[in-house]
Amino acid sequence: TSQIWVKPWDQLRLTLVHRYVDERYQGSDFANNSIQIESYHLVDVLADYQVSPNCRIFARIDNVFDELYAESAFFDTYFPGPGRSLKAGVKFSF
């Protein structure tokens, strides 16, 4: 995982995250004889804005390019990773 961020203003932070997972053997393949799970790249984007000392708003898009990938596999049954998703919220501190 690597990330780069920039603060164009004191209140705003923008972050770009890159995640890479290399090829790996399926779960329960102790002899490493099965077909490997393919590698994949994922890109996430985050924005965080400090509205006031006690309030922050944020938004995040995971898997921006909606990459189709297998997060894990057991006995030739593949389990896909999550597709593109958007999360947003507000954080208050007292």
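Attention here is on the structure that accompanies the text. (Residues numbered from 1 in each chain as written. Predicted model: local features only at pLDDT ≥ 70, side-chain atom pairs only at ≥ 80, totals over all residues. Heavy atoms only, no water.)

Turning our eyes to something else, we now look at the sheet that holds strand β2 (residues 12–21). What holds strands together in a sheet is hydrogen bonding between their backbones, with the strands either parallel or antiparallel. Pairing is antiparallel in the open sheet, where five strands are placed in the order β1-β2-β3-β4-β7. Each end of this open sheet is capped by a strand with a single partner; those strands are β1 (2–9) and β7 (85–92). Sheet twist, expressed as the mean angle between neighbouring strand axes with direction ignored, is 15 degrees. Summarising the sheet, strand β3 (residues 40–52) and strand β4 (residues 55–62) pair through seven bridges and their orientation is antiparallel. Bridging across to β4, glutamine 50 finds its partner in arginine 56. (Pairing = 2+ DSSP bridges. Helix = DSSP H or I, 4+ residues; strand = E, 2+ residues; numbered from the N terminus. Axes fitted to C-alpha atoms, helices over the stretch in contact; angles between N-to-C directions.)

For the rest of this paragraph, the subject is the packing of aromatic side chains. By the definition in use, this model includes two aromatic pairs. Ring geometry for phenylalanine 74 and phenylalanine 79: centres 6.3 Å apart, planes at 65 degrees, overall edge-to-face. With relative accessibility at 37%, the residue phenylalanine 74 sits in the partly exposed group. Positioned above the aromatic ring of tryptophan 5, the side-chain terminus of arginine 13 is 4.0 Å from the ring centre. (Phe/Tyr/Trp six-rings, centres within 6.5 Å; stacked < 30°, edge-to-face > 60°. Buried < 20%, exposed > 50% of the residue type's maximum accessible area, 1.4 Å probe, protein only. Lys NZ or Arg CZ within 6 Å of the ring centre and 35° of its normal.)

By the secondary structure assignment, arginine 56 is in strand β4. On the basis of relative accessibility, which here comes to 27%, the residue arginine 56 falls in the partly exposed class. Taking the C-alpha atoms as reference, arginine 56 lies 42 Å from threonine 77; in sequence the two are 21 residues apart. Within the local environment of arginine 56, its side chain forms a polar contact with the side chain of aspartate 48, the two groups lying 3.1 Å apart. (Polar contact = N/O pair within 3.5 Å; in protein donor to acceptor, adjacent residues only side chain to side chain.)

Let us look at the environment of aspartate 62. Residue position: aspartate 62 is located in strand β4. For aspartate 62 and proline 82, which are 20 residues apart along the polypeptide, the C-alpha to C-alpha distance reads 8.8 Å. Excluding anything up to four places from it in sequence, aspartate 62 contacts Val43, Asp44, Gly83, Arg84, Ser85 and Lys87. In this structure the side chain of aspartate 62 is engaged in a polar contact, spanning 2.9 Å, whose partner is the side chain of lysine 87. (Contact = heavy atoms within 4.5 Å.)

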